[in-house]
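Fold and contact review
Spelled out, the chains give:
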Amino acid sequence: MVAGTEVRHPIADPSGQPTGRRRRLVPVLLVVGWLVGVGWRMWLSRHVPLPIAHTDEDSYLHTARALAGGPGGFSSENGPLRRVGYPLLISPAFLGERDFTDSYRLVQLINAVLNATVLPLAYLLVRRLVPVRRAVALAAAAVAATLPATVFYASVAMIDAVLAPLVLAWLLAVHHWVRRPGPLAAAGVGALVGVFHLLHSRGLVIVGVHVGLVLLLFLRRRTTPAQVLAAVLPVLALALANEAVIRLLGDRVYLLGDPPGGGTVRAVASGAGLLRVGAAVATQLWYLVVITFGLAGIAWAGAVRLLLRPTPTPASASASALSSAPAPASATPATPVDTSVAGGGSAADEAATRWTVGVAVVTSVGVAAGASVILAGITSKPLDAIYGRYVQMLAPFWLLVGVAMLVTATPRVRWRRAAVAAGVLLAGATLIAARLAWVAGRGHELRYGGFGAPDLMALTGGWREFRPFTGAAVAVASCLLLVAAVRSPRLRVPVLAALVVVNLGTMQVITDRLVRPMVAATAPTPRVADLGVRPGDRVWASLGVQWVLRFNLSHQVTWADVRWFVDNPPADADVVLVRWAPGAPDDWDGDRHGFVRLGGNPEQHWAAWRRR
């Protein structure tokens, strides 16, 4: 049954307190929660003084430094997929003369401030989608805001730190536009899509979905030519802005990436290639279900039913709203009605929810497919067993929809959707296990690393190997417990609070088992400043220095772009960073080049030498 306290009522708040007082309390809680979220993210970042996600971080940081008026550097991007939105966002961190670590802390602060906005955006979205109590909406928003898929990248200079809140803002804007059409609402949606395009190549999928949405709304006579123009112009403007900033940068940032081309086509232009891409897409979608405790699977089961059922007329929607309204205390309970996500409001509300969910479904499949195709074309590296980074931004939305599908459905529908989610999890685990076995049987190995799915590693204990059946078991158990618990309205908030605790614990495990070891392995010691390398020195680095250490040493040279050489240092080099391996044949001898060693770290195999 749908509890009466779960349905919006225009007269009094379910708690018995005046509605106005509770409404004033919610913004305060959201602001406090956002501040706490910023502080928590900065606390998690305290162990990360230098980049650990190479070479993406290096590319963004070099571009941001150049945009702030400093020296440039390399970027691992390629021309067609190059974006400047994130470097523009973090470029203020490089204004003025600062130590690199200080600038990096400011980048982490920018990430934390924006990433923590998932909390208020999630609350607003779940309140628009479903008629749940404010307490339940706040608890669900807290779960979404603490998901490791949401939080993990806030500690590093990666675009993924801001994509999760952007997804929620965009889908919230889509819902508003469909519900209350107008040029201003259309322009808001278009602006957010343009920001996606400015930030990352994933924005190409969002742009494609946006174009399809605009066309469908126009053909269905749900929007006007003026609104179509308002929805399209911001996208074009921000695409042109991206190109303008790239031209402004010139050759201060030089690209090392290869454009997608023949390799990508060859990777998918066969039956075997399409199967590989299909398996990668299925793995990413399965991953979304696992890391949301099965709630994404419940959401998809409800979304299919929502999208396939006939569009209600205003009269039928009104009747549905009446059927889900709380009955007087003396009345006999009516037959349970499944309000699902959208059945408790007007025809405009239900239409807006249907369109929003439909957009999210297409986007999820599109992003997973686009990422799988692009990654399949990178033939210089082994294929990934799983690479969930590209779909992580969608996890908060599907978790929220899953919560909505649970709290507004009848018990029978809840269990039916849980069964669908369990089936997806088990089928996905079987497919993944078969894929891993097939590849291993041919003497190959799929890549499995920390940035592929850190939360999955923590939840399954799979730090060295992919454990699909363990992941499925964890998600199925979580899903069944949630379905059993939410039947009681009193247990809903405590159960969601328990998920917040699980998220906090998972992030701590990720920090201890993954992040801190990465930092220890990639942070060069001592600092170049401690060796006497100072502003004005012309610094070059040898390719003999391990590449991660070479990049992090170079970041400490904030006044110049550190270029690379093979063996003989350039004539204009004042200081060189080279390999130091005592007794090894590749130990660099600076004496024969007229240099004197300043110091370094023989265990990390690097040293700094100054020309005499």
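Procedures and definitions
The residue count restarts for each chain, going from 1 along the sequence in the order it is written. The predicted nature of this model means local features are confined to residues of pLDDT at least 70 and side-chain atom pairs, given and counted, to a pLDDT of 80 or more, with totals for whole chains, interfaces and linings taken over all residues. Values shown for side chains rest on all heavy atoms present in the structure; no hydrogens or waters enter the calculation. What counts as a helix is a DSSP run of H or I of at least four residues, what counts as a strand is a run of E of at least two, and both are numbered from the N terminus. To get the radius of gyration, use the C-alpha atoms; to get the globule rule, take the number of residues to the power 0.38 and multiply by 2.2 Å. For the exposure calls, accessible area comes from a 1.4 Å probe over protein chains only, and a residue counts as buried if that area is under 20% of its type's maximum, exposed if over 50%, partly exposed in between. The criterion used for residue contact is that any of the two residues' heavy atoms lie within 4.5 Å. For the area figures, the Shrake-Rupley method with a 1.4 Å probe applies, and any residue is considered shielded solely by the protein chains shown. Working definition of a nonpolar core: buried Ala, Val, Leu, Ile, Met, Phe, Trp, Tyr and Cys residues. They are joined through side-chain atoms within 4.5 Å. Helices are assigned an expected span. That span is 1.5 Å times one less than the residue count. Grid spacing is 1 Å over the protein atoms alone, the probe is 1.4 Å, and a cavity is where that probe fits but cannot get out, while a pocket is an open set with protein on both sides within 12 Å along at least five of seven lines and lining residues have an atom within 4 Å of a point. Grid points are joined across faces, edges and corners, and a volume is the space filled by probe spheres set on the points. Any residue that is not Ala, Val, Leu, Ile, Met, Phe, Trp, Tyr, Cys, Pro, Asp, Glu, Lys or Arg is counted as polar, Gly included; the first ten are nonpolar and the last four charged. At least two bridges found by DSSP between two strands is the condition for calling them paired. For this analysis, a ring pair means two rings from Phe, Tyr or Trp (six-membered ring only for Trp) whose centres lie within 6.5 Å, classed as stacked if their planes differ by under 30 degrees, edge-to-face if by over 60, and tilted for the remaining angles. We call a charge positioned over a ring when the NZ of a Lys or the CZ of an Arg lies within 6 Å of the ring centre and within 35 degrees of the ring normal. Helix axes are fitted to C-alpha atoms over the stretch in contact, other axes to C-alpha atoms as well, and angles between N-to-C directions run from 0 to 180 degrees.

What follows concerns the overall build of the protein. Counting its secondary structure elements, the protein contains 22 helices and seven strands. Against the 2.2 N^0.38 benchmark of 25 Å for 612 residues, the protein shows a C-alpha radius of gyration of 26 Å, consistent with a compact globule. When burial is assessed residue by residue, the protein has 54% of its 612 residues classed as buried. The long-range share in the protein, meaning contacts at least 24 apart out of those at least 6 apart in sequence, stands at 78%. Here the protein has roughly 25,500 Å² of accessible surface; of this, 65% comes from carbon and sulfur atoms.

Grouped together as the largest cluster of nonpolar side chains are 158 residues, with contacts concentrated most on W170, W177, W286, F397 and W398. The greatest single-element share of this core, amounting to 14 residues, is contributed by helix α8 (residues 160–179). Those residues in contact with F397, other than ones at most four positions away along the chain, are L125, L129, L168, L171, T356 and A360. Of all hydrophobic cores here, the second largest spans 15 residues; its members include L531, A541, V545 and V557.

Let us now look at helix α2 (residues 56–67). Across its 12 residues, α2 extends 17 Å between first and last C-alpha, which sits within 8% of the 16 Å expected from 1.5 Å per residue. In terms of residue burial, α2 counts as a mostly covered element, since 10 of its 12 residues are buried. Turning to α2, its buried residues are E57, D58, S59, Y60, L61, H62, T63, A64, R65 and A66. Those residues of α2 that are buried lie in contact with β1 (73–75), α3 (85–90), α4 (100–115), α11 (225–249), β2 (253–255) and α22 (547–555). Of the residues trailing α2, G69 is marked for its positive phi of about 100 degrees.

Before going further, it helps to spend a moment on unusual backbone geometry. That bond from H54 to T55 is cis: its omega, 10 degrees, falls within 30 degrees of zero. On the secondary structure map, T55 appears in the loop between α1 (19–45) and α2. Between T525 and P526 the backbone carries a cis peptide bond, its omega angle lying at 0 degrees. With respect to the helices and strands, the residue P526 is situated in the loop between α21 (489–522) and β3 (539–542). The phi dihedral of R221 is positive, around 60 degrees, even though this residue is not glycine. The topology assignment puts R221 in the loop between α10 (203–219) and α11. Accessibility expressed as a relative area gives 79% for R221, which makes it exposed. The phi dihedral of F293 is positive, around 60 degrees, even though this residue is not glycine. Within the fold, F293 resides in the loop between α13 (271–291) and α14 (295–308).

Turning our eyes to something else, we now look at empty space enclosed by the protein. Per the counting criterion, the structure on display carries seven cavities of 30 Å³ or more. One number sums up the size of the largest cavity: a volume of about 170 Å³. Considering the residues around the largest cavity, the lining is formed by 14 residues, among which A280, S372, L375, D384 and R435 are closest to the centre. Elements represented by at least two residues in the lining of the largest cavity include exactly α13 and α16 (347–376). Here the lining of the largest cavity takes five residues from α13, the largest share from any one element. Estimates place the volume of the second largest cavity at around 100 Å³. Along its surface, the second largest cavity is lined by H62, R65, F74, Y254, F551, S554, H555, V557, A560, D561, V562 and W564. Counting only elements with at least two residues in the lining of the second largest cavity, the list comes to α2 and α22. In terms of residue count, the dominant contributor to the lining of the second largest cavity is α22 (three residues). Of the residues that constitute the lining of the second largest cavity, the class distribution is seven nonpolar, three polar and two charged.

Another aspect to go through is the environment of A376. Here A376 shows up in helix α16. Residue classification places A376 among the buried residues on the basis of a relative accessible area of 17%. Beyond its immediate stretch of four places on either side in the chain, A376 contacts A267, V277 and L383.

All right, on to the pairing of β3 then. As judged from the three bridges shared by β3 and strand β5 (residues 575–578), these two strands associate in the parallel manner. Within the sheet, the bridge partner assigned to W540 lies in β5 and is V576. For β3 and strand β4 (residues 563–565), the ladder comprises three bridges, and the chain directions are parallel. In the sheet register, W540 faces β4, and the bridge partner there is R563.

This part covers the packing of aromatic side chains. What the rule picks out here adds up to 17 aromatic pairs. With a centroid separation of 5.5 Å and an interplanar angle of 55 degrees, the aromatic rings of Y387 and Y390 are classed as tilted. Following the ring pairs from residue to residue traces out a cluster consisting of F74, W547, F551 and W564. Looking at R46, its charged tip hangs above the ring of W43, at a distance of 3.8 Å from the centre.

Okay, the sheet that holds β5 next. Across a sheet, strands are paired by hydrogen bonds formed along the backbone, either parallel or antiparallel in direction. Ordered by their spatial adjacency, five strands build an open sheet running β4-β3-β5-β7-β6, and the pairing between neighbours is mixed. The two strands at the open ends of the sheet, each matched to only one other strand, are β4 and β6 (595–601). The mean angle between the axes of side-by-side strands here comes to 30 degrees, regardless of whether they run parallel or antiparallel. In this structure, β6 lies alongside strand β7 (residues 606–611), joined through six bridges in antiparallel fashion. Opposite R597, over in β7, you have W609 as the bridge partner.

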